[in-house]
Amino acid sequence: MRIAVLGVGLIGGSIGLAARRRLEARVTGFDPDAETLERALKAGALDEAMESVAQACEGAELVFCAAPVSALPDLAREALDASGPESVVTDVGSTKREIVAALGDDGRFVGGHPLAGAETSGVENARAELLDGARWYLTPTAKAGGMLYDRLQRALADLGARPQAIDAETHDRLMATVSHLPHVIANVLVNQAASELATGAERLPEAGPSLRDTTRVAGANPQIWGDIFASNRESVAAAIDAAVERLQEAATLIREGDRDAVAGWHGRAAEDRRHLLEAELAGGPLHQLRIGVPNRPGTVAELALALGRAGVNIEDMALAPAADMRTGAISLWVAGEEQAERAVELVRELGYTVSVDH
């Protein structure tokens, strides 16, 4: 397999390292910074550095675009123009609506977002293990080619990630709450603490662990986060509005001074956090679903998105077209009895026949 990585920083470099090691792929790369390319070669993230996007994409079966969010639509379009009809182009941006709206009509493009990162940046800090167990969201549209989507999600699983389909609108709304809003709140907290320190009559005590832990991401990479906030502004603003409303409710509760009510509110937060963490660890034995489908564009995306919306993760997938190429079968593997039962129910609601191997 030949893979192209366009942009070889922390994420792009980690993809290159994992692809060479785990897929035994030949990885070509491009980056507008020649020194970054040299570091990527030295780190073993690339087999060959190219002088242009077109050169890097030539002959590639998979193309990963890893650049700041604002640069991704143009970069991915250039990659599509340079790639063949059997190539699949994806990105790693943390917002999806804008790029999917721009490129979703091309069946070779599938938006992506790995939930992977580190405190450090740059290809010199890249490592294949960064992708291990990472949720990797994919945002296919109805135009996405089934075989191309299958190739991409298989490759991601082989890299060590956990691919899951989600529609772009839902992705950006969820990320606004679980990823982008924490950065906003961290920024506000440090601004408030700094303001108190500057105007208070007495020096504030040294920051305790609560403030340090809560504000760890404050001010992280202003260029990247400026792009993210701009591209997901409506969802982030809505999440801020909802958080402000909850803060006002908390202020009212605390001001009323009912210790039992405040303790109950605090305890419910601990319980909610536990449920969120348990959801991340959910799983169980794999169950194979065999689904009979017509061979038409959008079938794979329809199934993947329907299951993703219901919280059913596809751990693996295989496509088997019939000899007449008019029908075929899709095998999906999901983890856990409950998820398998839910998947069967959803697939039948969509009008497909399905059987399960336990």
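Residues numbered from 1 in each chain as written. Predicted model: local features only at pLDDT ≥ 70, side-chain atom pairs only at ≥ 80, totals over all residues. Heavy atoms only, no water.

Visitor: Sorry, what's going on with the pattern of salt bridges here?
Guide: Enumeration over the complete set of coordinates arrives at 14 salt bridges. One salt bridge in this structure joins Arg77 and Asp106, with 4.0 Å as the shortest N-O distance. Taken together, the residues span a long stretch of sequence, with Arg77 in helix α4 (residues 72-82) and Asp106 in the loop between α5 (97-103) and β6 (109-114) at a distance of 29 residues. For Asp106, a relative accessible area of 17% gives the class buried. When the shortest N-O distance is used, the salt bridge between Lys143 and Asp105 registers 3.8 Å. Of this pair, Lys143 sits in the loop between β7 (135-139) and α6 (146-159) while Asp105 sits in the loop between α5 and β6; the two residues are 38 residues apart in sequence, bridging distant segments of the chain. Salt bridges sharing common partners tie together Arg77, Asp106 and Arg108. (Salt bridge = Lys/Arg side-chain N within 4 Å of Asp/Glu carboxyl O. Helix = DSSP H or I, 4+ residues; strand = E, 2+ residues; numbered from the N terminus. Buried < 20%, exposed > 50% of the residue type's maximum accessible area, 1.4 Å probe, protein only.)

Visitor: Help me out: how do you make sense of the packing of aromatic side chains in this one?
Guide: Going through the model one piece at a time under the given rule, you end up with two aromatic pairs. Where Trp225 meets Phe229, the ring centres are 5.4 Å apart and the plane angle is 50°; that geometry is what we call tilted. Residue Trp225 and its partner Phe229 are located together in helix α9 (residues 222-231), separated by four residues, close to a single helical turn. Accessibility expressed as a relative area gives 13% for Trp225, which makes it buried. Judged by relative accessible area, which is 24%, Phe229 ranks as partly exposed. (Phe/Tyr/Trp six-rings, centres within 6.5 Å; stacked < 30°, edge-to-face > 60°.)

Visitor: Would you mind going over the side chain of Ser14 with me for this structure?
Guide: When you line up the elements, Ser14 lands in helix α1 (residues 10-22). Note on Ser14: relative accessible area 0%, which makes it buried. Look past the residues within four positions of Ser14 in its chain and what remains in contact with it is Gly9, Ala126, Arg127, Ala128, Leu130 and Leu131. (Contact = heavy atoms within 4.5 Å.)

Visitor: What should I look at first to understand the pairing of strand β10 (residues 314-321) in this one?
Guide: Across a regular strand the side chains alternate sides, sitting on one face of the sheet and then on the other. Examined bridge by bridge, β10 and strand β11 (residues 327-335) share seven bridges and lie antiparallel to one another. Each bridged residue has a counterpart across the sheet, and for Pro321 the counterpart in β11 is Gly328. Where β10 hands over to β11, the hairpin turn is made up of five residues, of which Met325 adopts a positive phi near 60°. (Pairing = 2+ DSSP bridges.)

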